[in-house]
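Reading the structure
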Amino acid sequence: MRWENLSPGSEHGRADTALFDAEAVTTRTFDSPEFRGVTFHEVRARSIVNRVPGASRMPFEWTVNPYRGCTHACVYCFARRTHGYLDLDTGLGFDSQIVVKTNAPELLRHRLASRDWRGEHIAMGTNVDCYQRAEGRYRLMPGILAALRDHANPFSILTKGTLILRDLPLLEEAARVTDVGVSVSVGFTDEGLWRTVEPGAPAPERRLDVVRTFTGHGIDCGVLMAPVIPFLSDRPEQLRAAVRAVAAAGATSVTPLVLHLRPGAREWFMSWLGRHHPYLVARYERLYAEGAYAPKWYQRRITRQVHELAEEYGIGPTGAGTPRRIRAVEPAGPAGSPAVGSTQLTLL
């Protein structure tokens, strides 16, 4: 395994300064059923706030990723390629060899306190899910959220994980001092498809329960409908079922994102497709012949259909990956009078 060739300035680059201390890596396995077959590599990272490459399509500049690899095991995950930088397998290795940055909270707190940090928005869950199963054991996110809260630093989280509900009180506390956003990823509601394409992630209905819980606490929550998988989850009746379920959960927005297949993910996904849906291989080769993204005409068609359904069900779109803000709680009135406002996420 190659720990020494990754730079702290990027999750993707190589430089003279190592991202991890190679001599401080501890490898562990656990016997509990939820971690059977999973290996954890506990590392002392040298950096945790990463700058997004300039060529990225993401609308944010900084990310925090406390984990590498993801037990959600989504066959389409674009982050698979990053495992190759450590000489780890981008297929099964990505699903079962999880790098845990055990010092992530303290590193973040130190970075936020530095004189050159200007309080920019930090996005989480954009590479691998910070609320994957490993978080249940390592509990890195409470420390990360507390650091962001204490420094009033704006942030957003995108997740498939139901474990985010554990940290609802911390999110509410952070919302009192800064802009906070939460979105849940639900690309489709077909349970048969979920079991094969996202075998380690919570079921779509459980993710929608997260949305229900947030909205039940007076907190708006948006849904990133990602990915819409060509020929498997893009039929009009499937799109309608997904948007209807998202609306029923109380989501304030739904934003579609068509499957993209970057190197690393493309090979693994196409291998899965050949095993489960061999009749679609040639169609995918044609649809993605020009690169990682489906043709613009296809993306526009899906976006139009979802937006029309969202309008029908009374919810609206937002830009993919844009910050979802939580409005801060307004101060209470005089003693004995009701509070002026309440905590609420507002999707922009």
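Thresholds applied
- Residues numbered from 1 in each chain as written.
- Predicted model: local features only at pLDDT ≥ 70, side-chain atom pairs only at ≥ 80, totals over all residues.
- Heavy atoms only, no water.
- Helix = DSSP H or I, 4+ residues; strand = E, 2+ residues; numbered from the N terminus.
- Contact = heavy atoms within 4.5 Å.
- Areas by Shrake-Rupley, 256 points an atom, 1.4 Å probe, with all protein chains shown as cover.
- Pairing = 2+ DSSP bridges.
- Axes fitted to C-alpha atoms, helices over the stretch in contact; angles between N-to-C directions.
- Expected span 1.5 Å × (residues − 1).
- Buried < 20%, exposed > 50% of the residue type's maximum accessible area, 1.4 Å probe, protein only.
- Arc of directions from axis to C-beta.
- Phe/Tyr/Trp six-rings, centres within 6.5 Å; stacked < 30°, edge-to-face > 60°.
- Lys NZ or Arg CZ within 6 Å of the ring centre and 35° of its normal.
- Parallel < 35°, antiparallel > 145°, perpendicular 65-115°, else oblique.
- Left-handed = near helix turned anticlockwise from the far one by under 90°.
- Core = buried A, V, L, I, M, F, W, Y, C linked by side-chain atoms within 4.5 Å.
- Disulfide = S-S within 2.5 Å.

With that settled, consider the overall build of the chain. Across its full length, the chain carries 12 helices and 13 strands. Across the chain, the fraction of contacts at a sequence separation of at least 24, relative to all contacts at a separation of at least 6, is 73%. Carbon and sulfur atoms provide 51% of the accessible area of the chain, an area that totals close to 15,000 Å².

What follows deals with the sheet that holds strand S10 (residues 222–228). A sheet is described by the order of its strands in space; here 7 strands give the open sequence S3-S4-S7-S8-S9-S10-S11, paired in mixed fashion. Taken across any chain shown, the strands that pair with only one partner, and hence form the sheet edges, are strand S3 (49–51) and strand S11 (254–258). Taken pair by pair, the neighbouring strands of this sheet meet at an average axis angle of 25°, ignoring direction. Sheet topology places S3 next to strand S4 (residues 62–64); 3 bridges connect them, and they run antiparallel. Bridging across to S4, Arg51 finds its partner in Trp62. Taken strand by strand, helix H6 (residues 168–175) contacts strand S8 (155–159) and strand S9 (180–185), and its axis lies near 140° from that of S9.

What follows concerns helix H10 (residues 265–276). Taking 1.5 Å of rise per residue, the 12 residues of H10 would be expected to cover 16 Å, and the 16 Å separating its terminal C-alpha atoms lies within 8% of that figure. For H10, every residue scored as buried is listed here: Ala265, Phe269, Met270, Trp272 and Leu273. Along the axis of H10, the buried residues cluster in a sector spanning 160°; they form a single face.

The strand order across the open sheet built from 4 strands is S1-S2-S6-S5, with neighbouring strands paired in mixed fashion. Single-partner strands in this sheet number two, and they are strand S1 (26–29) and strand S5 (67–68). Relative to strand S2 (residues 39–43), S1 is paired through 4 bridges, and the arrangement is antiparallel. Residue pairing in the sheet places Thr26 in a bridge with Glu42 of S2.

This part takes up the packing of aromatic side chains. This structure, assessed with the given rule, holds 10 aromatic pairs. Between Phe231 and Tyr284 the ring centres are 5.7 Å apart and the planes differ by 85°, which places this aromatic pair in the edge-to-face class. Of this pair, Phe231 sits in the loop between S10 and helix H9 (236–248) while Tyr284 sits in helix H11 (residues 281–287), and the two are 53 residues apart along the sequence. Grouping aromatic residues by their ring pairs yields a cluster made of Phe231, Phe269, Trp272, Tyr284 and Tyr288. Sitting over the ring of Phe30, Arg137 keeps its end group 3.6 Å from the ring centre.

This paragraph deals with unusual backbone geometry. In this structure, Pro227 follows Ala226 across a cis peptide bond, with omega equal to -5°. For Pro227, the location among the structural elements is in strand S10. One non-glycine residue with positive phi stands out, namely Ala152, at about 50°. Structurally, the position occupied by Ala152 is in the loop between helix H5 (141–150) and S8. We classify Ala152 as partly exposed; its relative accessible area is 36%.

This part is about the packing of H9 against helix H12 (residues 296–312). To describe two helices that pack against each other, one gives the angle between their axes and the distance between the axes. In the contact formed by H9 and H12, the axes pass within 10 Å of each other and the chain directions differ by 45°. One finds that H9 runs oblique with respect to H12. Our pair here, H9 against H12, has a crossing hand that is right-handed. Contacts between H9 and H12 pair Pro236, Leu239, Arg240 and Val243 from the former with Ile302, Gln305, Val306, Leu309, Ala310 and Glu312 from the latter.

This paragraph deals with the nonpolar core. Side chains of a nonpolar character, in soluble globular proteins, are inclined to be buried together. In terms of nonpolar packing, the biggest core is built from 93 residues, with Leu108, Ile122, Met124, Phe155, Ile157, Phe269 and Tyr284 touching the most fellow members. Discounting chain neighbours no more than four positions away, the residues touching Ile122 are Trp62, Thr63, Val64, Leu108, Leu112, Trp117, Leu148, Asn153, Pro154, Phe155 and Ser156.

Defined simply, a disulfide is a covalent bond joining two cysteines at their sulfur atoms. Evaluation of the coordinates by the stated rule reveals 0 disulfides. Distance from the sulfur of Cys77, which forms no disulfide, to the nearest cysteine sulfur (Cys74) is 6.4 Å. The buried category is assigned to Cys77, whose relative accessible area is 14%.

End to end, helix H8 (residues 204–216) covers 18 Å across 13 residues, agreeing with the expected 18 Å (1.5 Å per residue, within 8%). Buried residues of H8: Pro204, Arg207, Leu208, Val210, Val211 and Phe214, and no others. With its buried residues spanning 140° around the axis, H8 presents them on a single face. Looking one or two places after H8, you find Gly218, whose phi comes out positive at around 75°.

Assignment of secondary structure puts Met270 in helix H10. Its relative accessible area of 19% is what places Met270 among the buried residues. As a C-alpha pair, Met270 and Leu280 span 10 residues in sequence and 9.5 Å in three-dimensional space. The contacts of Met270, once residues within four sequence positions are left out, are Val281, Tyr284 and Glu285.

Let's shift gears to the packing of helix H3 (residues 104–113) against H5. Where H3 contacts H5, the two axes come as close as 8 Å, and the packing angle between them is 15°. Overall, the two elements H3 and H5 adopt an arrangement that is roughly parallel. Taken as a pair, H3 and H5 cross one another with a handedness that is right-handed. Only Gly143, Ile144, Ala146, Ala147, Leu148 and Asp150 of H5 make contact with H3, whose side of the interface consists of Ala104, Pro105, Leu108, Arg109 and Leu112.

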